[in-house]
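# Results of the structural survey
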Amino acid sequence: MTAQTNDTRSRAGRLIFLCWLMYLISYFGKVNYSATINQVMEFYHVDKPQAGMVPTFFFFAYGIGQVVNGLLSRHYNIKWTVFGALTASAAINLTIAVSANFAIVKWLWMVNGFVLSLLWPLVVRLLAESLPQKDLTRSSIIMSTPVAIGTLGIYAFSALFVAVGSFKLSFYTAAAADFAIAMIWLMVYGTSVRAAKQERGQDQQPVQTEQQAQQQKTPGMDLRMVRAMTWFLCLFAVGGNLIKDGLTTWVPTVLKEEYALADSISILLTLLLPITAIFGAAFAGYLHKKVPDYVTHCFVSFMAMAVFMGVILGGLRWRQAVVLLLAMIVVAYLASSVNNLITSMYPIIMSTHLNAGRTAGILNGCCYLGSTISAYGLGVVAEHYGWDGVFRLLLGVCLLGGVIWGCYCAVCRWYQWNKGTIL
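Reading the values: rules and limits
- Residues numbered from 1 in each chain as written.
- Predicted model: local features only at pLDDT ≥ 70, side-chain atom pairs only at ≥ 80, totals over all residues.
- Heavy atoms only, no water.
- 1 Å grid on protein atoms, 1.4 Å probe; cavity = no way out; pocket = protein on both sides within 12 Å on 5 of 7 lines; lining within 4 Å.
- Points joined across faces, edges and corners; volume = space filled by probe spheres on them.
- Helix = DSSP H or I, 4+ residues; strand = E, 2+ residues; numbered from the N terminus.
- Nonpolar A, V, L, I, M, F, W, Y, C, P; charged D, E, K, R; others polar.
- Patch = residues over 30% accessible without salt bridge, like charges linked within 9 Å, V, L, I, M, F, W, Y side chains within 5 Å.
- Areas by Shrake-Rupley, 256 points an atom, 1.4 Å probe, with all protein chains shown as cover.
- Salt bridge = Lys/Arg side-chain N within 4 Å of Asp/Glu carboxyl O.
- Core = buried A, V, L, I, M, F, W, Y, C linked by side-chain atoms within 4.5 Å.
- Buried < 20%, exposed > 50% of the residue type's maximum accessible area, 1.4 Å probe, protein only.
- Contact = heavy atoms within 4.5 Å.
- Disulfide = S-S within 2.5 Å.
- Axes fitted to C-alpha atoms, helices over the stretch in contact; angles between N-to-C directions.
- Parallel < 35°, antiparallel > 145°, perpendicular 65-115°, else oblique.
- Left-handed = near helix turned anticlockwise from the far one by under 90°.
- Phe/Tyr/Trp six-rings, centres within 6.5 Å; stacked < 30°, edge-to-face > 60°.
- pLDDT = per-residue confidence, 0-100.

## Notes on empty space enclosed by the protein
Over the atoms a probe the size of a water molecule is rolled, and this reveals where empty space is left. With the rule as written, the count across this model stands at three cavities of 30 Å³ or more. For the largest cavity, the calculated volume is near 260 Å³. In terms of lining residues, the largest cavity is bounded by 25 residues, among which V147, T151, K244, D245 and T248 are the most central. Among the elements of the structure, helix 2 (32–35), helix 4 (48–72), helix 9 (146–163), helix 12 (223–259), helix 14 (272–277) and helix 17 (321–349) are those that each provide at least two residues to the lining of the largest cavity. Counted by class, the lining of the largest cavity contains 14 nonpolar, eight polar and three charged residues. Put simply, the second largest cavity is a space of about 100 Å³. Taken together, 13 residues form the lining of the second largest cavity, with Y23, V147, N339, T343 and N364 sitting closest to its centre. If you list the elements that add at least two residues to the lining of the second largest cavity, you get helix 17 and helix 18 (356–418). Residue composition of the lining of the second largest cavity, grouped by class: six nonpolar, six polar and one charged.

Here it is, written out as structure tokens:
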């Protein structure tokens, strides 16, 4: 019995690992620009708003693509669409690596954003359709980690490349890695999916996840309430990614300008953010057991982030680099846990209520609306009001989470009283 259980787990595990590895590697060609943004400004002789426009174009296209591809994901051939997206991203990264023309970078990065937006809705759809019910929670936690690990990997490589004086090696690395994983995906996709679906067919009585059991105990948890919850999570997704990607993009510049640190040292210290974010999925799972309502979970995290935003402002005012960095790490950790909850745990676990690919696409699209604002918008704020102004703005975003939660509570109360149609 144990041997059979281990065998079936390994069947599902092969598909989960393939999706995990593919999505991790895709981040090499997604955040390498942000990792080297200081060197981009020096190499191309552009200012912060100009440099920030490139990830803004990326995030805009990625966010739109997430929504569009989420809605259309059920019509795509997963095997060949993922392969095409990865090879296209590899070609774009290679083109930027060999080009000295900054004018084309933002347009290429915008296309890169759209093609990479294909991946997440298709991964969520693939896992929801192929895995046994008992493996959905496990897969949602595992798939919460490649973003942080992939970001950590490319930031580490970028710090090394900057130290040796060739930041464009990060684009060559991304091109090679994307093409390699595209070929691996093509070769092992079929056998991995067949093995997982074979196990799913043997799973005659799916085991309920803890979250699904909680839903059954929750009065009024029907499709209308789930949809209402999804729309409120969209708002938290915008704010959470504005904070998360704003820190990832601009922390190296903050450390360089405020504390005169070398570029390579600034990037290495920024690595602490994605390192701690790796554990954000585990924290999201832990907190969700204590606070099972998804929107209230986000509210608790946003209020905790607000406290540490205040600590960041104190670190800037009193020139305490260690305090500033530690507070940034905590905020990045909390923001990553919110991102994991919204983009991974929620659409996969709630696939019994909602279309997993479509829900993942819409929520991830909202996340990247926040990312779009973070890249260019925070660069503009920094130019005019300094980094103190940037973190005051982010503090306001955190506090706005309290307003969103209050509206959600009012909607829930109204629904319980009226039992009417919300949407």
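That was the structure; now back to the text.
## Things to note about a nonpolar patch on the surface
A contiguous nonpolar patch, built from L94, V98, F157, L160, V164, L169 and Y172 and spanning about 620 Å² of accessible area, is present on the exposed surface. Going through the elements one at a time, helix 5 (78–98), helix 9 and helix 10 (169–202) are the ones with two or more residues in the nonpolar patch.

## Topic: the nonpolar core
Y33, W185, I243 and F391 are the most contacted members of the largest nonpolar core, which totals 139 residues. By residue number, the principal contributor to this core is helix 18, which donates 21 residues. Beyond its immediate stretch of four places on either side in the chain, F391 contacts L247, M309, I312, L313, L316 and M328.

## Quick look at the side chain of S371
In this structure, S371 sits in helix 18. Since its relative accessible area comes to 0%, S371 is described here as buried. Here S371 is in contact with F59, N241, L242 and D245, once residues within four sequence places are set aside.

## Focus: the state of the cysteines
Defined simply, a disulfide is a covalent bond joining two cysteines at their sulfur atoms. Tallied over the full model, the rule gives zero disulfides. With no disulfide of its own, C19 lies closest to C367 among cysteine sulfurs, the gap being 19 Å. Judged by relative accessible area, C19 falls into the buried class, the value being 0%.

## Describing unusual backbone geometry
In the Ramachandran plot, H45 falls in the positive-phi region, its phi being about 60 degrees despite a non-glycine side chain. Here H45 falls in the exposed class, since its relative accessible area comes to 71%.

## Considering the packing of helix 5 against helix 6 (residues 105–116)
For the pair helix 5 and helix 6, the least separation of the axes is 9 Å and the interaxial angle reads 165 degrees. In terms of axis orientation, helix 5 runs roughly antiparallel to helix 6. Where helix 5 crosses over helix 6, the handedness of that crossing is left-handed. Contact residues: A85, A88, S89, I92, N93, T95 and I96 in helix 5; V105, L108, W109, V111, N112, V115 and L116 in helix 6. Here the contact of helix 5 with helix 6 is composed, by residue class, of ten nonpolar, four polar and no charged.

## As for the packing of aromatic side chains
This structure, assessed with the given rule, holds 22 aromatic pairs. Ring plane angle 45 degrees and centroid distance 6.3 Å describe the contact between Y33 and W109, whose orientation is recorded as tilted. Linking Y33 in helix 2 with W109 in helix 6, this pair joins segments that are 76 residues apart in sequence. For Y33, a relative accessible area of 1% gives the class buried. Here the aromatic residues Y33, F58, F59, Y62, W109 and F171 are joined through ring pairs into a cluster of three or more.

## Details of the confidence of the model for the protein
On average, the protein scores 84 in pLDDT, and the residues at 70 or more come to 91%. Of all helices and strands in the protein, the one with the weakest mean pLDDT is helix 11 (residues 210–217) (42), whereas helix 5 scores best (96). Low pLDDT (under 50) marks residues 1–8, which in the prediction has two contacts with non-local residues, meaning those over four places away or in another chain. Per-residue pLDDT stays below 50 along residues 203–220; that stretch engages in 26 contacts with residues further than four places along the chain or on separate chains.

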